[in-house]
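# Commentary on secondary and tertiary structure
Here are the chains, one letter per residue:
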Amino acid sequence: MFEKKKSVLLFLLPGLCMLLIFYIIPFFSGIGYSLMDGSYKNEFVGLKNYREIWQNSMFLLGLKNTMELSLICAPLLWVFSFLLASALSAIKPFGGFFRSSVLMPYLTPSSAILLVWLVLFDYGGPVNRALAAMGAERVMWLSSGALRLPVVLMFLWKNLGFCLIIFLAALQSVPQPLYEYATLEGAGFMTRAFRITLPLVTPTAFLVFVLAWINAFKIFKEVYFIAGAYPDYSVYTLQNYMNNMFQKLNYQNVTAAAYSFGLIVFAIFGVLFFLQRRAARGLN
């Protein structure tokens, strides 16, 4: 038995070394950076950097916008992926084709998606042409506060397929006779989805929501490629702030902001896990 354990550790050693070099050591090094003053003496200043960023208006703006965008994107992604998965699970002849289709945006490079979105929401693009045809004024989608809408739509379009596939895998475990009985009793699609499907796939639904929220926190890439390092204040995210500080070589500020945000995210997901546990006990 001991020999088997030694052989397993030998196979795990390369991966553990990479984990140590690229994750664990940088993590603790970052904590050290956040507690130093950044001068050539590199003196210890304690929580001074943390106090400074929490008094920085741009940090607070980025944090507020990041939380707002995540609160918009994550629930929308969760609801749409759940409803679409419930609908696709009932489509037998063409279900495989649609499942493959919705997954394609997730596999498409972000640069290609961004080019499509830049064309669609350009001032002379199809969206503004449609608005003009309906008698409405054209909108500067890419250089004003209206950028939030294209960013949210792009996030949903890109990530919908991934969450949908997870939901579809969970739906396969739901007994089909329950749907047949509910249909005979006159239950519609929405009733079956939220009264039968959702309670039976609660752990998966919670997982999808967590993944959707994590992806929503990473929405910076789309904003950066469309509007640059200094977008409109309505879409200036926390990652914009940290990227700008990094370019100025202000590593202490970057790490302090990163660990502050990490603690906030950890607290949020701690509350979500607590609520999920309570919900699971209530269902049992």
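Residues numbered from 1 in each chain as written. Predicted model: local features only at pLDDT ≥ 70, side-chain atom pairs only at ≥ 80, totals over all residues. Heavy atoms only, no water.

### Quick notes on the layout of surface pockets
Basically, it comes down to this: Each cavity reported here is a set of points on a 1 Å grid over the protein atoms alone in which a 1.4 Å probe fits but cannot get out, each pocket an open set with protein on both sides within 12 Å along at least five of seven lines, and each lining residue one with an atom within 4 Å of a point. Grid points are joined across faces, edges and corners, and a volume is the space filled by probe spheres set on the points. What counts as a helix is a DSSP run of H or I of at least four residues, what counts as a strand is a run of E of at least two, and both are numbered from the N terminus. Each residue receives one of three labels: charged for Asp, Glu, Lys and Arg, nonpolar for Ala, Val, Leu, Ile, Met, Phe, Trp, Tyr, Cys and Pro, and polar for the others, Gly being one of them.
Quantified by volume, the second largest pocket comes out at close to 190 Å³. Contributions of two or more residues to the lining of the second largest pocket are made by helix H1 (2–34) and helix H13 (251–283). For the lining of the second largest pocket, the leading source of residues is H13, giving six residues. Of the residues assigned to the lining of the second largest pocket, the class counts are seven nonpolar, one polar and no charged.

### Side note on the pattern of salt bridges
Threshold: One side-chain nitrogen of Lys or Arg within 4 Å of one carboxyl oxygen of Asp or Glu is enough to make a salt bridge. Any residue under 20% of the maximum accessible area for its type is buried, any over 50% is exposed, and the rest in between are partly exposed; the area is computed with a 1.4 Å probe on protein chains only.
This structure, assessed with the given rule, holds two salt bridges. In this structure, the salt-bridge partner of Lys 64 is Glu 68, at a minimum N-O distance of 3.4 Å. Here Lys 64 and its partner Glu 68 are both found in helix H3 (residues 57–89), four residues apart, which amounts to about one turn of the helix. Taking relative accessible area as the criterion, Lys 64 reaches 42% and is therefore assigned partly exposed.

### Topic: the environment of Ala 205
Put simply, the rule is: We call two residues in contact when some of their heavy atoms are within 4.5 Å.
Checked against the element boundaries, Ala 205 lands in helix H10 (residues 202–217). Given the relative accessible area of 5%, Ala 205 is considered buried. Distance from Ala 205 to Tyr 106, taken between C-alpha atoms, is 19 Å for residues 99 residues apart in sequence. Not counting residues up to four positions away in its chain, the partners in contact with Ala 205 are Trp 78, Phe 167 and Leu 198.

### Regarding the packing of helix H8 (residues 176–184) against helix H9 (residues 189–200)
Definition in use: Helix axes are fitted only over the stretch in contact, all axes being lines through C-alpha atoms; the angle between N-to-C directions runs from 0 to 180 degrees. An angle below 35 degrees is read as roughly parallel, one above 145 as roughly antiparallel, one from 65 to 115 as roughly perpendicular, and any other as oblique. Two helices cross in a left-handed way if the nearer one is turned anticlockwise from the farther one by less than a right angle. They cross in a right-handed way if the turn is clockwise.
Two elements in contact, H8 and H9, have axes separated by 11 Å at closest approach and are oriented at 160°. Here H8 is positioned roughly antiparallel relative to H9, judged by the angle of their axes. The interaxial crossing formed by H8 with H9 has right-handed handedness. When H8 is examined against H9, the residues Leu 178, Tyr 179, Ala 182 and Thr 183 are found in contact with a partner set consisting of Arg 192, Ile 196, Thr 197 and Leu 200. Looking at the contact of H8 with H9 residue by residue, the classes come out as five nonpolar, two polar and one charged.

### Notes on helix H7 (residues 148–171)
The α-helix advances 3.6 residues per turn, and as a result positions three or four apart in sequence lie on the same side. Our working definition: Multiplying 1.5 Å by the residue count of a helix minus one yields the expected span of that helix. We define the bend at any residue as the angle between the axes fitted to the seven residues before and including it, ending there, and the seven starting there.
Along its 24 residues, H7 runs 33 Å from first to last C-alpha, staying within 8% of the 34 Å computed at 1.5 Å per residue. Most pronounced at Asn 159, the bend in H7 amounts to some 40°. Taking burial as the measure, the 24 residues of H7 include 18 buried ones, the bulk of the element.

### Section: the nonpolar core
Just so we agree on the cut-off: Side-chain atoms within 4.5 Å link the members of a nonpolar core, which is a set of buried Ala, Val, Leu, Ile, Met, Phe, Trp, Tyr and Cys residues.
Counting residues in each nonpolar core, the largest one holds 70 residues, and the members touching the most others are Trp 213 and Tyr 241. Trp 213 has contacts with Ser 70, Leu 71, Ala 74, Ile 268, Phe 269 and Leu 272, leaving out every residue within four places of it along the chain.

### A few points about the confidence of the model for the protein chain
Rules: Each residue carries a pLDDT value, the predictor's own confidence for that position, ranging from 0 to 100.
Looking at the protein chain as a whole, the pLDDT averages 82, with 93% of positions reaching at least 70. Across the protein chain, the secondary-structure element scoring lowest on mean pLDDT is helix H4 (residues 95–107), at 71, and the one scoring highest is helix H2 (residues 48–53), at 91.

### Some points on unusual backbone geometry
Positive phi outside glycine occurs at Leu 249, with the angle close to 65°. With respect to the helices and strands, Leu 249 occurs in the loop between helix H12 (238–247) and H13. With relative accessibility at 57%, the residue Leu 249 sits in the exposed group.

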